[in-house]
Amino acid sequence: MITYPPFFRNHMMPHLRKLADLLHPRGKLLLCHCDGENQRLLELISESGMDIAEAICPQPMTKVTITEVKRAFRGKVTIFGGIPSVALLEESMSDEGFEDFMKNLFCEIAPGDRFILGISDTTPPNAKFDRLLRITELVQQWERCR
């Protein structure tokens, strides 16, 4: 919402493309921190030369779903994130809601290509530690289901 599309297109994209042009011939990837509301920036991010969009945060913290992000990135940009920090907070999401969110997320990211699971932006200090452990269990469980 702060980085609106014309600003991104005119003032950020030229620098991102320049960096990508410097890095790619050397076998390096361009990773950028993309937390926050990206609904109107998804297509531009896809065209920017960025290889990895780190800290991608979906609903309920933003307006976009991981499915919408994947569609916009068209396999050109790897999504790093997917778990909004509020999913780790008991006051924001019930245990049942957390389980439902995570199972839906695994369905959305299937088959898992161009996706690095992570907590979007940061783990809050009052995160429910059991949910962090549960994420590990779910990753192990869903990995076996591929």
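Quick note: structure is the one above.
In this report, the structure presented in the accompanying data block is examined.

The rules we used
- Note on numbering: residues in each chain are counted from 1, in written sequence order.
- With the structure being a predicted model, the display of local features is reserved for residues of pLDDT at least 70 and the display and counting of side-chain atom pairs for 80 or more, all residues being used for whole-chain, interface and lining totals.
- Excluded from the side-chain calculation are hydrogens and water; included are all heavy atoms of the structure.
- Here, patches come from residues exposed beyond 30% relative accessible area and free of salt bridges, joined within 9 Å for like charges and within 5 Å for nonpolar side chains (Val, Leu, Ile, Met, Phe, Trp, Tyr).
- Areas reported here follow the Shrake-Rupley algorithm with a probe of radius 1.4 Å; residue values treat only the protein chains shown as occluding.
- The term salt bridge refers to a side-chain nitrogen of Lys or Arg lying within 4 Å of a carboxyl oxygen of Asp or Glu.
- Numbered from the N terminus, helices here are DSSP runs of H or I no shorter than four residues, and strands are runs of E no shorter than two.
- Between any two strands, at least two bridges found by DSSP are needed for them to pair.
- An axis is simply a line fitted to the C-alpha atoms; with a helix, the fit covers only the stretch in contact. Between two such axes, the angle follows the N-to-C directions and lies from 0 to 180 degrees.
- Contacts are assigned to residue pairs that have any heavy atoms within 4.5 Å of one another.
- Working definition of a nonpolar core: buried Ala, Val, Leu, Ile, Met, Phe, Trp, Tyr and Cys residues. They are joined through side-chain atoms within 4.5 Å.
- Burial here depends on accessible area, computed with a 1.4 Å probe over protein chains only, as a share of the maximum for the residue type. Under 20% is buried, over 50% is exposed, and the range in between is partly exposed.
- Each pair of aromatic rings taken from Phe, Tyr and Trp, with Trp reduced to its six-membered ring, is defined by centres within 6.5 Å and is described as stacked if the planes are under 30 degrees apart, edge-to-face if over 60, and tilted in the remaining cases.

A few points about a nonpolar patch on the surface
Point 1. Taken together, the side chains of Tyr4, Phe7 and Met12 make up a nonpolar region of the molecular surface, amounting to roughly 270 Å² of accessible area.
Point 2. Of note, Tyr4 is situated in the segment before helix 1 (5-23).

Some details on the sheet that holds strand 2 (residues 52-56)
Point 1. Read from one edge to the other, the open sheet built from four strands follows the order 1-2-3-4, with strand pairing classed as parallel. One side of each edge strand has no neighbouring strand; the edge strands of this open sheet are strand 1 (31-33) and strand 4 (115-119). Neighbour-to-neighbour, the strand axes of this sheet turn through a mean angle of 20°, independent of strand direction.
Point 2. Sheet topology places strand 2 next to strand 3 (residues 78-83); four bridges connect them, and they run parallel. What sits directly across from Ile52, in strand 3, is Thr78.
Point 3. Across the sheet, helix 3 (residues 66-73) is in contact with strand 2, strand 3 and strand 4; its angle to strand 3 comes to roughly 175°.
Point 4. Where helix 4 (residues 95-109) meets the sheet, its contacts fall on strand 3 and strand 4, and the angle it forms with strand 3 comes to roughly 165°.

Here's the deal with the nonpolar core
Nonpolar side chains in soluble globular proteins tend to end up buried together.
Point 1. One finds Ile45, Ala53, Ile56, Phe73 and Met102 to be the most contacted residues of the largest nonpolar core, which totals 35 residues.
Point 2. Those elements giving two or more residues to this core turn out to be helix 1, helix 2 (42-47), strand 2, helix 3, strand 3, helix 4 and helix 5 (129-144).
Point 3. Tallying contributions element by element places helix 4 first for this core, with six residues.

Some thoughts on the pattern of salt bridges
Point 1. For the structure shown, the criterion picks out seven salt bridges.
Point 2. Among the ionic pairs, Glu99 bridges to Lys103, the shortest N-O distance being 4.0 Å. Taken together, the positions of Glu99 and Lys103, both in helix 4 and four residues apart, correspond to about one turn of that helix.
Point 3. Residues Glu137 and Arg134 are paired through a salt bridge, measuring 3.1 Å at the closest nitrogen-oxygen approach. Placement of both Glu137 and Arg134 in helix 5 is noted, with a separation of three residues, approximately one turn of the helix.
Point 4. On the basis of relative accessible area, Glu137 is assigned to the partly exposed category, the value being 44%.

Describing the packing of aromatic side chains
Given two aromatic rings, their pairing is described by the distance between the two centres and the angle made by the two planes.
Point 1. One pass over the full model with this rule turns up two aromatic pairs.
Point 2. The interplanar angle of 45° and the centroid separation of 6.0 Å between the aromatic rings of Tyr4 and Phe7 together place this pair among those described as tilted.
Point 3. Between Phe106 and Trp142, the ring centres sit 5.4 Å apart and the planes meet at 10°, which makes this aromatic pair stacked. With Phe106 in helix 4 and Trp142 in helix 5, the pair connects residues that are 36 residues apart, well separated along the chain.
Point 4. With relative accessibility at 10%, the residue Phe106 sits in the buried group.

By themselves, these observations are geometric and do not establish any function.
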